[in-house]
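# Structural overview
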Amino acid sequence: MSAAHKKVQTVKARADLALNDEFLRKAVRFTTERLRNGKKKATEEHGNWEEWRERGRQIRLHTIAHLDYYLNLFVNNARANGVHVHFANTAEEAVKLTLDIAEHAGAKSVVKSKSMVSEELHLNHALESIGVEAVETDLGEYIIQLAGEMPSHIVIPAIHKNRYQIADLLSKEAGYTLPPDTTALAGFVRKKLREKFLEAEIGMTGCNFAIAETGSMVLFENEGNARMVSTVPKTQITLMGMERIIPSWSDLEVMATLLPRSATGQKLTMYMSGITGPRRPEDADGPDEMHIIIIDNGRSLQLGDPEFQELLNCIRCGACLNACPVYRHIGGHAYGSTYSGPIGAVLTPSLNKNIAEWDDVANASSLCGACYEACPVKIPLHDMLVYLRRRKVESGNGNKLESIGMQGFATIMGNSSRLGGMLRLGKLGQKLVVRSGVIKTKLGPLKGWNTYRVTPSLPKESFRDRWETLDQELKQGLKQMDSSMQNRMEELVRKREQEQKEGKGGHGHG
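Right, let's walk through the structure included here. From a predicted model like this one, the values you see are computed outputs, not experimental measurements.

### Some details on the sheet that holds strand β9 (residues 271-275)
The 4 strands lie next to each other as β8-β5-β6-β9, forming an open sheet whose pairing is mixed. The open sheet has two free edges, formed respectively by β8 (245-246) and β9, since each of these has just one partner strand. In terms of strand pairing, strand β5 (residues 209-211) meets β8 through 2 bridges, oriented parallel. In the strand pairing of β8, Ala210 is matched with Ile245.

### Points about the packing of aromatic side chains
In this description, an aromatic ring pair is defined by two values, namely the gap between the centres and the angle between the planes. Within this structure, the stated rule accounts for 5 aromatic pairs. Their ring planes at 80° and their centres at 6.1 Å tell us that Phe308 and Tyr387 sit as a pair that is edge-to-face. Residue Phe308 is located in the loop between β10 (289-295) and α14 (319-323), and its partner Tyr387 is located in helix α18 (residues 381-394); the two are separated by 79 residues in the primary sequence. On the basis of relative accessibility, which here comes to 1%, the residue Phe308 falls in the buried class. For the pair Phe463 and Trp467, a centre-to-centre distance of 6.1 Å together with 40° between the ring planes defines the contact as tilted. Placement of the pair is Phe463 and Trp467 together in helix α22 (residues 463-479), with a separation of 4 residues, close to one helical turn. Judged by its relative accessible area of 57%, Phe463 falls in the exposed class.

### Describing the packing of helix α19 (residues 400-413) against helix α20 (residues 416-429)
At a closest axis distance of 6 Å, the pairing of α19 and α20 adopts a crossing angle of 110°. The angle between α19 and α20 falls in the class roughly perpendicular. Residues Thr411, Ile412 and Met413 of α19 pack against Arg418, Leu419 and Met422 of α20. Grouping the amino acids of the contact of α19 with α20 by side-chain chemistry returns 4 nonpolar, 1 polar and 1 charged.

Analysis parameters
All residue numbers refer to position in the chain's written sequence, counted from 1. Where totals are concerned, whole chains, interfaces and linings use all residues; where local detail is concerned, this predicted model gives features only for residues with pLDDT of at least 70, and gives and counts side-chain atom pairs only at 80 or more. Think of the side-chain values as coming from all heavy atoms in the structure, minus any hydrogens and water. Paired strands are those between which DSSP finds at least two bridges. Numbering goes from the N terminus for both helices and strands, where a helix is a DSSP run of H or I of at least four residues and a strand is a run of E of at least two. Think of it this way: a Phe, Tyr or Trp ring, Trp meaning its six-membered ring, pairs with another when their centres are within 6.5 Å, and the plane angle makes it stacked under 30 degrees, edge-to-face over 60, tilted otherwise. Under the scheme applied here, a residue whose accessible area is under 20% of the maximum for its type counts as buried, over 50% as exposed, and between as partly exposed, the area being computed with a 1.4 Å probe on protein chains only. Fitting a line to C-alpha atoms yields each axis, with helices limited to the stretch in contact; the angle taken between N-to-C directions then spans 0 to 180 degrees. Put simply, angles under 35 degrees are roughly parallel, angles over 145 are roughly antiparallel, angles from 65 to 115 are roughly perpendicular, and the rest are oblique. We call two residues in contact whenever any of their non-hydrogen atoms come within 4.5 Å of each other. Only Asp, Glu, Lys and Arg are considered charged in this grouping, and only Ala, Val, Leu, Ile, Met, Phe, Trp, Tyr, Cys and Pro are considered nonpolar; every other residue, Gly among them, is considered polar.

This is the structure:
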């Protein structure tokens, strides 16, 4: 997270910073639009995308429902392949395990491929605290590491920066001015990182999918750095969220179809590596020692929860971020945690089980459902956001003024006379603030809304006011209707009324 965003404590305050950052807004809007269009094209070309979405959903539902079985199967097979498998209930345990491995290996340097779990654990700082240099080798991760920030996107960590800002960062690292040209910038980073690959004692990766039937782990990437990280250093550490399991290689075919198309609009990523244990005597490369750290850190809290268990189905494609109208305006740092966008707004409070601290994150959504439509495994994130808001109120962390306002709303809407009276008062009161048919004033509760848009004025005549006249016109129209048409209309009305009566009378007799 940027230093400016660290200073503020609420989503709203961080969003205000983002909305006033023209560079950030343009960069995020440009890239998310490109990713959305790429996904749209790739899924249309695929042909039967919805069938594959449902297939992916069923695989994830089945796996999470039987997670204990598939985890045990994976662990047994991985250990049979010569892998050291560790379990960490908390972030602190995962960090300690990693540091112990680094100290045992006598490591001075660790090269890392992209891993959101690593960011979740804040592992770079922990490694640096024991004198181990941690170097991000994914281009986007390397950029934000130099900037001292958190990822702003699950797939494209530096989505919030343009090439001029990146050129400034890399020029400081190079010690001379680099042009804002993507080829030149990537060339500098490639040369710099090659030295790091050869020096590092440990390679650290995340895990896109773990294959239970063989104890293998699979990495998706586009730059080739993960393949270098997992083959050159003598020791490999893989950080794996406990939910990353899938049953078989045939299931990977489905995920390899869904993930790249949803994330970047590609049919396939440039590199897909399947790793089954450390190097064997006949292998040309690979680590001599391989560790997999399986991390809970709040994930098991979702198991058995009918409202949130499907959260564990996520395959970290970032499609929900690209579709979300809120994320596209404010970027990722406004969410205040490792995971941003709709998935972050649900995942962060769910993993932390701390509604009091993260009670405003679920409000960073319009509840439009675009995230659900974009999700390749059909996670109902918009429903989960509503569940979080409900739990926030039930836990006593709701906004008191909001509660009073909703009580007042219920009182008014529960009685037609009160509603009519309030509308009449509103029409009188709005005369003080209406200009050219709209309300632009930024006073009281209107401030947040009218800062970026305007409020329409109440009409002179509401639909309820017009209903009596409209009803008369309708009845008059029926009288003037052709007799045969009128008979058909009246018959349809009688039939509908009869069906309603039979429906009401039939409840409880099945």
